[in-house]
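# Close look at the chain arrangement
Given next are the chains, with one letter for each unit.
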Amino acid sequence: MTTTPATPTSIRTPQETADRSIALPAITLPAVTAGFATTVLVWVAWWFVHLPAMSTPDWLAEFVLVMALPVAALLAARDAPGGRHILAGLLTAAVSTVLDLVVLGAAAVDRSSDAGAASVAQLLGGFLLLSAVLGAGGGLAAKLAGPRRMPLDGTRWLGRFAVVACLSFLPLIVVGGAVTSTESGMAVDEPAVSLIMPLSTMEEPRVYLEHTHRLFGSLVGLTTLTWLGLAIWRRAGRAPITIAAVVFGLVCVQGLLGAFRVAENSPWIAALHGVFGQLVFATAVFGAARFSPLWSDDDHGETSWPEATRRAGGRAAFLAALALGALAFQLLTGSMSRHLASGHAAITHVVFAFGAAMLVTLAGATMLSAERFSRIGTVLRQLGRGMIAVVVIQVALGLFALVAVGGGDAVRPIPLESELGQAHAIEVGEALVTTAHQSNGALLLALATLSVAWTRHAARD
């Protein structure tokens, strides 16, 4: 008995069969990562566009969307298996669009009261169509560019999402610093308000700063929750999943502290809220390092680090830990000085600043002794240079802030929402300097955290 051989068109290679079976799950992680990254950029642009008293072009947010979304879709779609490039681009656009509807809703609510539901439908419909076209265009560009030489790496994309999660903290920290610097902490005296607030109700600068601070907090909460969900879905391992869960839990606690701060109008809770927020950011940064493929020997193909790098890591690990502790102490005294008008805390903050700067510089200089031919050595050298550069900027900003604020114990009162009409004017120059000092301090704390993580990892046996 003879059998008819299968025609060539009916034959699929094992790789083709695998690609078709994993295509949809495999494009999800790159698309979600790229979509969240685009959202962070668009939200920051939207914040600048609508910032009261700013002459930012109205089209800035749309320009950022048009530029960022196709690139993000392209990067995500390049790793799409089974020829699903356009689908990956559309999924990237869908993720970004859903998240952007929160900030778009502020304009939509105002438009509904002025021009009716038809105008809102036109606004939302145009936005959805534009996002779909941009996402599909990025996916098509990826298809025309051809597949990557390297295979799809889910671990690498999960590490990239961890980086995006850390980046989502930055606008929250900057706007939070602006809230403190402009005495805006009680401008919206309801602890819980709707995420979508009409733009017309945010024309008062303090209301705008406080409400957008809460918006960015919600974005961080959603991003860290997604981080945890992706880690569980991709079976990242017990330690990474635990870290992601801890970060999300700390973000929830930070949100509750913010709500209690408003409900109780307590400067002590405000000080704790400021300190705890930066510590949560540092924990997220450590988590991003732990999610990096470089953390595992199997991922970078090295069985041991070069001896020069191990020695540099061993010498720098202790100094980096001391520097991190000193920066945490500086964070505490600085927050007490800002929120509690403590002259003792202010003097302590200034005096100990030079010791903290010295420890950071010594740790950074020690990391520069790592060799430059391995990936871990390059990481240590980059961290060392970054710490030295950022601490120099931090000292300069601290001196500027000291001059701008002065040495007195008195602070301006924080007006309630009902008192905004009679509130004192915002000192813009002072607010810019103190916010920059606080935000750059958060960056320095993050670099010190990374230095502790990577030096200890490099020095291991």
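Refer to the structure printed above.
The structure contained in this document is the topic of the report that follows. Predicted, not measured: the structure shown is a model, and the values here were computed from it.

Scanning the protein from terminus to terminus reveals 13 helices and zero strands. Shown N-terminal to C-terminal, the secondary structure of the protein runs as helices and strands in the order α-α-α-α-α-α-α-α-α-α-α-α-α. A burial count over the protein gives 46% of its 461 residues as buried. Considering only contacts in the protein between residues 6 or more positions apart, those separated by 24 or more positions represent 79%. Of the roughly 22,100 Å² that the protein leaves accessible, carbon and sulfur atoms contribute 68%.

Moving on, we get to the pattern of salt bridges. Per the counting criterion, the structure on display carries two salt bridges. Between Arg-206 and Glu-183 there is a salt bridge, and its shortest N-O distance comes to 3.7 Å. Of the two residues, Arg-206 sits in helix α6 (residues 205–233) while Glu-183 sits in the loop between α5 (154–181) and α6, which places them 23 residues apart along the sequence. Look at Arg-206 and you get buried, because its relative accessible area is 3%. Given the relative accessible area of 10%, Glu-183 is considered buried. Between Arg-214 and Glu-210 there is a salt bridge, with its nearest N and O atoms 2.9 Å apart. In this pair, Arg-214 and Glu-210 both sit in helix α6, four residues apart, roughly one turn of the helix.

Before going further, it helps to examine the side chain of Asp-79. Counting through the fold element by element, Asp-79 comes out in the loop between α2 (60–77) and α3 (85–115). Side chain to side chain, Asp-79 and Trp-157 meet in a polar contact 2.5 Å long.

So, on to the nonpolar core. Ranked by size, the top nonpolar core spans 104 residues in total, and within it Trp-46, Trp-47, Phe-169, Met-202, Trp-227, Phe-281 and Trp-454 carry the most contacts. When residues of this core are assigned to their parent elements, the largest contribution, 13 residues, is made by α5. The residues touching Trp-46, leaving out its near neighbours within four places in the chain, are Ala-61, Val-103, Ala-106, Leu-199, Met-202, Tyr-208, Thr-212 and Leu-215. Within the second largest apolar cluster, five residues are counted, among which are Ala-77, Ala-80, Ala-88 and Ala-142.

By the definition in use, this model includes ten aromatic pairs. Relative to Tyr-208, the ring of Trp-47 has its centre 6.2 Å away and its plane inclined at 35°; by these criteria the two rings are tilted. Here Tyr-208 lies in helix α6 and Trp-47 lies in helix α1 (residues 14–50), a separation of 161 residues in the sequence. There is no split in this pair, since Trp-47 and Tyr-208 are both buried. Three or more aromatic residues joined by ring pairs form one cluster here, namely Trp-46, Trp-47, Phe-48 and Tyr-208. Over the aromatic face of Trp-157 sits the side chain of Arg-160, whose NZ or CZ is 4.4 Å from the ring centroid. Above the ring of Trp-233, the side-chain terminus of Arg-234 is found at 5.6 Å from the ring centroid.

The rules behind each value
- For every chain, the first residue of the written sequence is number 1, and numbering continues from 1 onward in sequence order.
- Note on the predicted model: pLDDT of at least 70 is required for a residue's local features to be given, and 80 or more for side-chain atom pairs to be given and counted; whole-chain, interface and lining totals, by contrast, use all residues.
- Excluding hydrogens and water, the side-chain values take into account all heavy atoms of the structure.
- Only DSSP runs of H or I covering at least 4 residues are called helices, and only runs of E covering at least 2 are called strands; the numbering of each starts at the N terminus.
- Three exposure classes are used, based on accessible area relative to the maximum for each residue type with a 1.4 Å probe and protein chains only: buried under 20%, partly exposed in between, and exposed over 50%.
- The criterion used for residue contact is that any of the two residues' heavy atoms lie within 4.5 Å.
- Using a 1.4 Å probe, accessible areas were evaluated by the Shrake-Rupley method; residue-level cover was limited to the displayed protein chains.
- Salt bridges are defined by distance alone: a side-chain nitrogen of Lys or Arg within 4 Å of a carboxyl oxygen of Asp or Glu.
- Counted as a polar contact is a pair of N or O atoms within 3.5 Å, where, for protein atoms, one must be capable of donating a hydrogen and the other of accepting one, and residues adjacent in sequence contribute only when both atoms are in side chains.
- The definition of a nonpolar core used throughout is a set of buried Ala, Val, Leu, Ile, Met, Phe, Trp, Tyr and Cys residues joined through side-chain atoms within 4.5 Å.
- For this analysis, a ring pair means two rings from Phe, Tyr or Trp (six-membered ring only for Trp) whose centres lie within 6.5 Å, classed as stacked if their planes differ by under 30 degrees, edge-to-face if by over 60, and tilted for the remaining angles.
- When the NZ atom of lysine or the CZ atom of arginine is within 6 Å of a ring's centre and also within 35 degrees of its normal, the charge is said to sit over that ring.

Scope: geometric values only; no functional claims are made or implied.
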